[in-house]
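# What the coordinates show
Given next are the chains, with one letter for each unit.
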Amino acid sequence: MERLIKNGSAEIWTTTNGSGIPFILCNGGPGCDDYLGPVSDMVEDMCQVIRFEPRGCGRSTYDGNYDLDTTIEDIEFIRREYQCDRMIIGGHSAGPGIALAYTIRYPERVMGLVGISGGNILNDRDWSHVYSKNLEEVGESYGGQEFIADPDVNKIGNRSWKKYIQRPELLGDIAKLEVPAVFINAENDIRPSWPTQQLANLIPKGEYHKVAGAAHCIWLTHYDELKNLLRRNIAMIIEGR
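Quick caveat: nothing in here was measured; it's all calculated off a predicted structure. (Residues numbered from 1 in each chain as written. Predicted model: local features only at pLDDT ≥ 70, side-chain atom pairs only at ≥ 80, totals over all residues. Heavy atoms only, no water.)

### Digging into the packing of helix α2 (residues 68-81) against helix α3 (residues 95-105)
Our working definition: Here the axes come from fitting lines to C-alpha atoms, over the contacting stretch only for helices, and the angles between their N-to-C directions go from 0 to 180 degrees. Helix numbering and strand numbering both begin at the N terminus, where a helix is a DSSP run of H or I of at least 4 residues and a strand a DSSP run of E of at least 2. Every angle not falling under 35 degrees, over 145, or within 65 to 115 is termed oblique; those three ranges are roughly parallel, roughly antiparallel and roughly perpendicular. Two residues form a contact once any of their heavy atoms are found within 4.5 Å. Three categories are distinguished: nonpolar for Ala, Val, Leu, Ile, Met, Phe, Trp, Tyr, Cys and Pro, charged for Asp, Glu, Lys and Arg, and polar for the others, with Gly belonging to the last.
Between α2 and α3, whose axes approach to 10 Å, the crossing angle comes to 70°. In terms of their interaxial angle, α2 and α3 are classed as roughly perpendicular. For the pair α2 and α3, the contacting residues are L68, D69, T71, I72, E73, I75, E76 and R79 in the first and I98, A101, Y102 and R105 in the second. Considering only residue class, the contact of α2 with α3 consists of 6 nonpolar, 1 polar and 5 charged.

### Focus: α3
Structural remark: α-helix, 3.6 residues per turn; residues separated by three or four positions point the same way. Which entries qualify depends on this criterion: Buried residues are those whose accessible area, probed at 1.4 Å on protein chains only, stays under 20% of the maximum for their type, while exposed residues exceed 50% and partly exposed ones sit between those limits.
Of all the 11 residues making up α3, 10 are buried; the element is thus mostly covered by neighbouring parts of the structure. Taken together, the buried positions of α3 are G95, P96, G97, I98, A99, L100, A101, Y102, T103 and I104.

### Remarks on the state of the cysteines
Where we set the bar: For this text, the term disulfide refers to a pair of cysteine sulfurs within 2.5 Å.
This structure, assessed with the given rule, holds 0 disulfides. Unpaired in this structure, C26 has its nearest cysteine sulfur neighbour in C57, at a distance of 12 Å. Unpaired in terms of disulfides, C84 finds its nearest cysteine sulfur in C47, a separation of 11 Å. A residue is classified by how much of its surface remains accessible, and C84, at 4% relative accessible area, is buried.

### Let's talk about the packing of aromatic side chains
Spelled out, the test is: Pairs were defined over the aromatic rings of Phe, Tyr and Trp, the Trp ring being its six-membered one, requiring ring centres within 6.5 Å. Orientation was assigned from the angle between planes: stacked under 30 degrees, edge-to-face over 60, tilted for the rest.
One pass over the structure, following the stated rule, counts 6 aromatic pairs. Both rings, one in Y35 and one in Y142, keep their centres 5.9 Å apart while their planes meet at 70°; by these two values the pair is edge-to-face. Here the residue Y35 occupies a position in the loop between β3 (21-26) and α1 (37-43), and Y142 occupies one in the loop between α4 (125-137) and α5 (152-164), the gap between them amounting to 107 residues. Y35 sits in the buried class, given a relative accessible area of 7%. On the basis of an interplanar angle of 75° and a centroid distance of 5.3 Å, the ring pair of Y35 and F147 is categorised as edge-to-face. A residue pair is termed long-range when its members are at least 10 positions apart, and Y35 in the loop between β3 and α1 and F147 in the loop between α4 and α5 qualify at 112 residues. A relative accessible area of 30% places F147 in the partly exposed class.

### A look at the nonpolar core
Formally: In this text, buried Ala, Val, Leu, Ile, Met, Phe, Trp, Tyr and Cys residues form a nonpolar core when linked through side-chain atoms within 4.5 Å.
By size, the foremost hydrophobic cluster in this structure holds 36 residues, and its most contacted members are I75 and I89. Take this core: its biggest share by element is 6 residues, from α3. Apart from the residues within four sequence positions on either side, I89 is in contact with F23, I24, C26, I75, A99, Y102, T103, V110, G112, L113 and V114. Counting 28 residues, the second largest nonpolar core, distinct from the first, contains F23, M46, V114 and A186.

Set out below in structure tokens:
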């Protein structure tokens, strides 16, 4: 069910499917409109999956307020509008970073964190060089998805993320998180995976999984493998293990 949620002067496009524990999904980019329907389909018998398009993307308001802090507060507004007490939060690509930042700010609202093909807290030249080289030489497929967004979303989102990860207390905040966190990465992602492995090891209840042979959008070629990992780990989060 689609729903436009009005937060001040902005309208945020959302959709919800399934029933059970709320599970909010954050898109990648920054600057991607809705594309995580296939991921939602995997768990809708376990969770009430809530997807949204950030400001400047798809059907949400284009107002220039595309920084990380605004996105976090929009997620909190969505949580309240959907009357979720505690929830699982996750995302794909850049989405796990947004989910992590939300969890650090509102830990009492999060029962678990799920990252797919993403999760890092660095601004590393070597990582960026490898990613750019692979993007040029190997390329990347989103299954024909064409994203509709204000180009400034990516610029402002990335700039605010780089500022966020420079906070002196960040590593301490992450090391104190008490929620379980699972990161599912792809073996053949053009992005180096070591930052996600570091993050999974820093979080006390963090886990890291790798899908052999998969690329960035794991569901396009390894749907069942991703589905099995996702369902197993969400079940453990729900059960409190």
